[in-house]
Amino acid sequence: MEFTTLHPESLSKAIQLSVSPVFLLAGIGALLNVLSARLARVADHSRRLSELDARGDDFERRHCKRRMQHILRAIWLLTCATLLLSIVVSAMFMSVITQVNLTAIVAPLFITTMGMLMMASVSFLLEVRLASEFVQRKF
């Protein structure tokens, strides 16, 4: 049984291939940070509504619930995208190390990751739109 040796050039190539997905991971992390802060603000607002009046304004409660749903959906999608992207990076490294073509695995995973990122962006946009409509309605 003959083993192939891993050349430094191969490892360098694997690192170069993984740079873009790693930057994407950093961007997703920043989006998750923004969404977490928005979720905390909506939760605080919802808590204040509950404390002010047991009956409360039904419109405001529904509004908070819808915003939270959009934020939570975006967080869920981004978290799944992060996991898939991590698998993509791992598969790229394994492909170089084992010298096995894993393109049939990497390409669909990356496309799925991009789809999740797009859906998360739409959820984020819907939440921002709801927030701005609420502010405009108040004034």
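J.: What should I look at first to understand the overall build of the protein chain in this one?
T.: Within the protein chain one finds three helices and zero strands. What you see for the protein chain is a C-alpha radius of gyration of 22 Å, clearly larger than the 14 Å of a compact globule of 139 residues, by over 25%. Oriented by its inertia axes, the alpha-carbon framework of the protein chain measures out at about 75 × 25 × 20 Å. Looking at the protein chain as a whole, 29% of its 139 residues are labelled buried. Across the protein chain, contacts joining residues at least 24 apart in sequence account for 81% of those joining residues at least 6 apart. Surface exposure of the protein chain reaches about 9,300 Å², of which carbon and sulfur atoms provide 66%. Taking the average location of the 15 positive side-chain charges in the protein chain and that of its 10 negative ones, the two points are 7 Å from each other.

J.: Even after reading the chapter, I still don't get a nonpolar patch on the surface, so can you show me in this structure?
T.: Taken together, the side chains of L11, I15, V19 and F23 present a nonpolar region at the surface, about 380 Å² in accessible area. Assignment of secondary structure puts L11 in helix α1 (residues 8–52).

J.: How should I be thinking about the side chain of H70 in this particular structure?
T.: Structurally, H70 is set in helix α2 (residues 58–98). Sequence-distant contacts of H70, that is, excluding residues within four places in its chain, are made with S123, L126, E127 and L130.

J.: Sorry, what's going on with the environment of F23 here?
T.: In this structure, F23 sits in helix α1. Residue F23 is classed as exposed on the basis of its relative accessible area, which comes to 63%. Each C-alpha atom of the pair F23 and E51 lies 42 Å from the other, and the pair is 28 residues apart in sequence.

J.: I keep staring at the confidence of the model for the protein chain and nothing clicks. Help me out?
T.: Regions with low pLDDT carry predicted coordinates that are not meant to be interpreted in detail. Per-residue confidence for the protein chain averages 87 on the pLDDT scale, and 91% of its residues sit at or above 70. Looking at the elements of the protein chain, mean pLDDT is at its lowest for α1, recorded as 86, and at its highest for helix α3 (residues 103–138), recorded as 93.

J.: Can you help me understand the pattern of salt bridges in this one?
T.: Oppositely charged side chains may form a pair once their charged atoms are brought near each other. For the structure on display, the rule yields five salt bridges. In this structure, E127 and R38 form a salt bridge, with 2.6 Å as the shortest nitrogen-oxygen distance. Note that E127 is positioned in helix α3 and R38 in helix α1, a separation of 89 residues in sequence. The closest approach of N and O atoms between D44 and R47, which form a salt bridge, is 2.9 Å. Of this pair, D44 and R47 both sit in helix α1, three residues apart, which is roughly one turn of that helix. Taking relative accessible area as the criterion, R47 reaches 45% and is therefore assigned partly exposed. In this structure, a network of salt bridges that share partners links the residues R38, R67 and E127.

Cut-off values and rules
Residues numbered from 1 in each chain as written. Predicted model: local features only at pLDDT ≥ 70, side-chain atom pairs only at ≥ 80, totals over all residues. Heavy atoms only, no water. Helix = DSSP H or I, 4+ residues; strand = E, 2+ residues; numbered from the N terminus. Rg over C-alpha atoms; globule rule 2.2 N^0.38 Å. Buried < 20%, exposed > 50% of the residue type's maximum accessible area, 1.4 Å probe, protein only. Contact = heavy atoms within 4.5 Å. Areas by Shrake-Rupley, 256 points an atom, 1.4 Å probe, with all protein chains shown as cover. Lys, Arg positive; Asp, Glu negative; His and termini not counted. Charge placed at Lys NZ, Arg CZ, Asp CG, Glu CD. Patch = residues over 30% accessible without salt bridge, like charges linked within 9 Å, V, L, I, M, F, W, Y side chains within 5 Å. Salt bridge = Lys/Arg side-chain N within 4 Å of Asp/Glu carboxyl O. pLDDT = per-residue confidence, 0-100.

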